[in-house]
Amino acid sequence: MSKKFDIAVVGATGAVGETIISILEQRNFPINNLYPLASSKSAGMKIQCQGKTWTVQDLDTFDFTKAQIGLFSAGGSISEKYAPRAAEAGCIVVDNTAHFRRDEDIPLVVPEVNAHAIAGYTKRNIIANPNCSTIQMLVALKPIYDAVGIERINVATYQAVSGTGKAAITELTEQTAKLLNGQDVENEVYPKQIAFNVIPHIDVFQDNGYTKEEMKMVWETKKIFEDDNILVNPTAVRVPVIYGHSEAVHIETKKKITASEAREILSKASGVTVMDDRKDGGYATPFEEATNKDDTFVSRIREDITHERGLNMWVVSDNIRKGAALNTIQIAEILIEKYL
């Protein structure tokens, strides 16, 4: 790939932005100029990528006509304001927030699942990156969906605090240290203590009793699979883990599939690593297997003993990497390979 591109990274100093820049280097993305963008307080910081030093610039004053692609990961309100500005300047935006995901004229893409949808970027020059929990679930389910169909998904998530951001990581580590030293803790990021605890509440509550995080999995699955009839019933839970989301996924397929057939299909699937030995430690965990890995790990594949077309599995992935940064860059790679 001889052609190189000018890339803007919005939110370059955040957890996802830093990972985006590291993956751009690891995957040798064809960069001509890199424009790390952040708030004015971060302007002037230096970032290393591909053997060069790049200076963080103030997002508010940046001229997006300088960049062909913008990778956005600075929060929904930032994307709401600056992504259309970038798109109008001719910069194709890959947005990692929830702001544009439900817009009918904006593609919502998981490259292993619906890469063809990227072609729709021309409508508004924006492509949306799905929610991290949706990404890993659909990477694991798409091969089975293609093989036998899926009628219903029941999923309970076990989501790492890094999904909330750097302040949440600090809250977990500081609370843990204080509690181990017999000190009292305060809750600032979460409504309840997160250390040594689990919180069945992610994002704001909706009128139907589900949280917005849970409803994102419903809305996004239907859009990405292009299937308004698929049923999704989620419970999203925050757990005291720093990196890596886990999901207990229970599906009801249209045609019967055995655990061994599912294992065989998934073992050949792009972006999936099957780790499913029925012995102590023969399964993936967020810390030991998923952290800093590109793939989504699938374990505990077994037939549902209560439903003749039911299948259960355990799905683990690095939420900052595959759930955000890597998915964004994979979209950009397909964009430059097929469309630019």
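Residues numbered from 1 in each chain as written. Predicted model: local features only at pLDDT ≥ 70, side-chain atom pairs only at ≥ 80, totals over all residues. Heavy atoms only, no water.

## Here we look at the nonpolar core
Put simply, the rule is: For the purposes of this section, nonpolar cores are sets of buried Ala, Val, Leu, Ile, Met, Phe, Trp, Tyr and Cys residues that join through side-chain atoms within 4.5 Å. Working definition: with a 1.4 Å probe on protein chains only, accessible area under 20% of the residue-type maximum means buried, over 50% means exposed, and in between means partly exposed. Here a helix means four or more residues in a row that DSSP labels H or I, a strand means two or more in a row labelled E, and each is numbered from the N terminus. Any two residues having at least one pair of non-hydrogen atoms within 4.5 Å are treated as being in contact.
The biggest cluster of nonpolar side chains holds 54 residues, and the ones touching the most others in it are Phe-64, Leu-141, Ile-144, Ile-153, Val-249, Ile-251 and Met-313. At nine residues, helix H4 (residues 132-148) tops the list of elements feeding residues into this core. Excluding residues that lie within four positions of it along the chain, Leu-141 makes contacts with Ile-150, Ile-153, Phe-225, Val-249, Ile-251 and Met-313. One finds Val-9, Trp-54, Val-56 and Ile-336 within the second-largest nonpolar core, a separate group that totals 36 residues.

## Some remarks on the packing of aromatic side chains
Spelled out, the test is: In this analysis, rings of Phe, Tyr and Trp, with Trp reduced to its six-membered ring, are considered paired at centre separations within 6.5 Å, and the interplanar angle assigns stacked below 30 degrees, edge-to-face beyond 60, and tilted for intermediate values. Either the NZ atom of lysine or the CZ atom of arginine qualifies as a charge over a ring when it sits within 6 Å of the ring centre and within 35 degrees of the ring normal.
Counted according to the given criterion, the structure contains six aromatic pairs. Between Tyr-35 and Phe-62 the ring centres are 5.1 Å apart and the planes differ by 50°, which places this aromatic pair in the tilted class. Remark: Phe-62 occurs in the loop between strand S5 (57-58) and strand S6 (69-72) and Tyr-35 occurs in strand S2 (residues 31-38); sequence separation between them is 27 residues. Side by side, Tyr-35 and Phe-62 carry an identical accessibility label, which is buried. For the pair Phe-64 and Phe-72, a centre-to-centre distance of 5.9 Å together with 25° between the ring planes defines the contact as stacked. The pair formed by Phe-64 and Phe-72 is uniform in burial state, with each residue classed as buried. In textbook terms, an aromatic cluster arises when at least three aromatic residues are bridged by ring pairs, as seen for Tyr-35, Phe-62, Phe-64 and Phe-72. For the cation-ring pair, Arg-102 lies above Trp-219, with the distance from its terminal atom to the ring centre recorded as 3.6 Å.

## Details of a negative patch on the surface
Rules: In this analysis, a patch consists of residues with relative accessible area above 30% that form no salt bridge, clustered at 9 Å for like charges and at 5 Å for the nonpolar side chains Val, Leu, Ile, Met, Phe, Trp and Tyr. Per-residue and other accessible areas follow the Shrake-Rupley method at a 1.4 Å probe size, with only the shown protein chains counted as cover for residues. Every case where a carboxyl oxygen of Asp or Glu lies within 4 Å of a side-chain nitrogen of Lys or Arg is listed as a salt bridge. We count Lys and Arg on the positive side and Asp and Glu on the negative side, and we leave His and both chain ends out. Charged side chains are reduced to one point each, which is NZ for Lys, CZ for Arg, CG for Asp and CD for Glu.
Side chains of Glu-174, Asp-184, Glu-186 and Glu-188 sit close together on the surface and give a patch of like negative charge. Structurally, Glu-188 can be placed in the loop between helix H5 (166-180) and helix H6 (212-225). Residue Glu-188 is classed as exposed on the basis of its relative accessible area of 67%.

## Overview of helix H1 (residues 15-26)
Since the α-helix turns once every 3.6 residues, residues separated by three or four places project in the same direction. Cut-off, in case you're wondering: A helix's residues, less one, multiplied by 1.5 Å, set its expected span.
A rise of 1.5 Å per residue sets the reference length of H1, with its 12 residues, at 16 Å; its end C-alpha atoms lie 17 Å apart and thus fit the reference within 8%. Within H1 the residues assigned to the buried category are Ala-15, Val-16, Gly-17, Thr-19, Ile-20, Ile-21, Ile-23 and Leu-24. Turning to H1, the residues buried within the fold contact strand S1 (5-10), S2, strand S3 (46-49), S6, H5 and helix H9 (321-338).

## Points about the packing of H4 against H9
Where we set the bar: Helix axes use the C-alpha atoms of the stretch in contact, all axes being lines fitted to C-alpha atoms, and the angles between their N-to-C directions lie in the range 0 to 180 degrees. Oblique is the label for any angle not covered by the other classes, which are roughly parallel (under 35 degrees), roughly antiparallel (over 145) and roughly perpendicular (65 to 115). Nonpolar residues are Ala, Val, Leu, Ile, Met, Phe, Trp, Tyr, Cys and Pro. Charged residues are Asp, Glu, Lys and Arg, and all others, Gly as well, are polar.
Close contact between H4 and H9 brings their axes to 8 Å; oriented N to C, the two are set at 85°. In terms of axis orientation, H4 runs roughly perpendicular to H9. Along the contact surface, H4 presents Cys-132, Ile-135 and Val-139, while H9 presents Lys-322, Gly-323 and Asn-327. Here the contact of H4 with H9 is built from residues that sort into three nonpolar, two polar and one charged.

## Considering the environment of Asn-312
Selection rule: Polar contact is defined as a pair of N or O atoms within 3.5 Å, subject to the rule that within protein one atom must be able to donate a hydrogen and the other to accept it, and that residues adjacent in sequence are counted only when both atoms are side-chain atoms.
Residue position: Asn-312 is located in strand S14 (residues 310-317). Given a relative accessible area of 9%, Asn-312 falls into the buried group. Spatially, the C-alpha atoms of Asn-312 and Ser-260 are 12 Å apart, while their sequence positions differ by 52 residues. Every residue in contact with Asn-312, bar those within four places of it in the chain, is listed here: Val-249, His-250, Arg-300, Ile-301, Arg-302, Glu-303 and Asp-304. Side chain to side chain, Asn-312 and His-250 meet in a polar contact 2.8 Å long.

## Here we look at the sheet that holds S14
The following threshold applies: At least two DSSP bridges between two strands are required for those strands to pair.
Taken together, the six strands give an open sheet; going across it, the order is S10-S9-S11-S14-S13-S12, and neighbouring strands pair in mixed fashion. For this open sheet the edge positions go to strand S10 (231-238) and strand S12 (272-274), each flanked by a neighbour on one side alone. Recorded for the sheet is a direction-independent mean angle of 20° between the axes of neighbouring strands. Note: S12 against strand S13 (residues 296-303), three bridges, orientation parallel. Pairing of Val-274 across the sheet is with Val-298, part of S13. Of the strands in this sheet, strand S9 (150-159), strand S11 (245-253), S12, S13 and S14 are in contact with H4, which crosses S11 at around 30°. Contacting S12, S13 and S14, helix H7 (residues 259-267) runs over the sheet at an angle of about 165° to S13.

## Details of the environment of Gly-70
On the secondary structure map, Gly-70 appears in strand S6. Residue classification places Gly-70 among the buried residues on the basis of a relative accessible area of 0%. Sequence spacing of Gly-70 and Val-9 is 61 residues, and the spatial spacing of their C-alpha atoms is 5.9 Å. Ignoring sequence-local partners within four residues, the contact set of Gly-70 consists of Ala-8, Cys-91, Ile-92, Val-93 and Val-94.

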